[in-house]
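If you want the building blocks of each chain, they are given just below.
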Amino acid sequence: MRKRVADLPRGLVFLWVFLFAVWLVINASVELPVVASGALVSLVLSWIFVRRTDVWRIEMTPGKALHFLAYTGVFCVEMVKANIEMIRYVYAPRIDIRPGIVKINVRLRSPIGRVALANSIALTPGSLVMDITDDAMFIHWLDVKTTDPEKATGMIAGPFEKHLGAVFG
């Protein structure tokens, strides 16, 4: 049994757990057919992705797992804050926004880390990733608070980058 686990492609278990968790959240059910089909579909997709690319070959350690959980919590908090901000804009008697495009610096090196950061930014209301080039992302920000790349990086990507960097590099 020990030899078989070692022979599994690196990252397969991590990706399978991640996809299976997403499946369970989307389906909101723990009935046997839903769980069984989710486990199977997640395993097949994980196998395909891990065999075809090195992107998902992530070595999972307890520290990385804790950072991923922390990232999940930070993402939820940022999502709630962004939604409250959107409610404020919608119900304000006068819309006072300054939309624009800002450049932020990306410190993450791995492709999957950059994708996770871009998705985190795009999923929080009020911001949208328009382009990723070299070490920069260009973000359409509904209410531009600063155009300084360092300050904008701290405000937009700062909450996510620390944990994503620890998990994905």
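Residues numbered from 1 in each chain as written. Predicted model: local features only at pLDDT ≥ 70, side-chain atom pairs only at ≥ 80, totals over all residues. Heavy atoms only, no water.

A. View of the overall build of the chain. Within the chain, the regular secondary structure consists of seven helices and three strands. Listed by position from the N terminus, the elements making up the chain come as α-α-α-α-β-α-β-β-α-α. C-alpha extents for the chain along the principal axes are approximately 65 × 40 × 25 Å. Here the chain holds 169 residues, and 32% of them are scored as buried. Partitioning the intrachain contacts of the chain with sequence separation of at least 6 by distance along the chain shows that 69% fall at a separation of at least 24. Surface summary for the chain: the accessible area is close to 10,700 Å², and the carbon and sulfur share equals 66%. For the chain, the centre of its 19 positive side-chain charges and the centre of its 14 negative side-chain charges are spaced 6 Å apart. (Helix = DSSP H or I, 4+ residues; strand = E, 2+ residues; numbered from the N terminus. Buried < 20%, exposed > 50% of the residue type's maximum accessible area, 1.4 Å probe, protein only. Contact = heavy atoms within 4.5 Å. Areas by Shrake-Rupley, 256 points an atom, 1.4 Å probe, with all protein chains shown as cover. Lys, Arg positive; Asp, Glu negative; His and termini not counted. Charge placed at Lys NZ, Arg CZ, Asp CG, Glu CD.)

B. Looking closely at the packing of helix α4 (residues 62-91) against helix α7 (residues 158-168). As a packed pair, α4 and α7 sit with axes 8 Å apart at the nearest point and diverge in direction by 160 degrees. The angle between the axes of α4 and α7 places the two elements in the roughly antiparallel class. Note on packing geometry: the crossing formed by α4 with α7 is left-handed. Every residue of α7 that contacts α4 at Lys64, His67, Phe68, Ala70, Tyr71, Val74, Phe75 and Glu78 is listed here: Pro159, Phe160, His163, Leu164, Ala166 and Val167. Here the contact of α4 with α7 is built from residues that sort into ten nonpolar, two polar and two charged. (Axes fitted to C-alpha atoms, helices over the stretch in contact; angles between N-to-C directions. Parallel < 35°, antiparallel > 145°, perpendicular 65-115°, else oblique. Left-handed = near helix turned anticlockwise from the far one by under 90°. Nonpolar A, V, L, I, M, F, W, Y, C, P; charged D, E, K, R; others polar.)

C. The arrangement of the environment of Lys162 in detail. In this structure, Lys162 sits in helix α7. Along the backbone, Lys162 and Asn27 are 135 residues apart, and their C-alpha atoms lie at a distance of 30 Å.

D. Examining the pairing of strand β3 (residues 136-141) more closely. Taken together, the six bridges between strand β1 (residues 100-105) and β3 define a ladder with antiparallel strand orientation. Looking at β3, one finds that Ile101 is bridged to His140. One ladder, built from six bridges, connects strand β2 (residues 127-133) with β3; its direction is antiparallel. Paired with Leu128 across the two strands is His140, which belongs to β3. Counted along the chain from β2 to the antiparallel partner β3, the turn is two residues long, and its residue Asp134 has a positive phi close to 45 degrees. (Pairing = 2+ DSSP bridges.)

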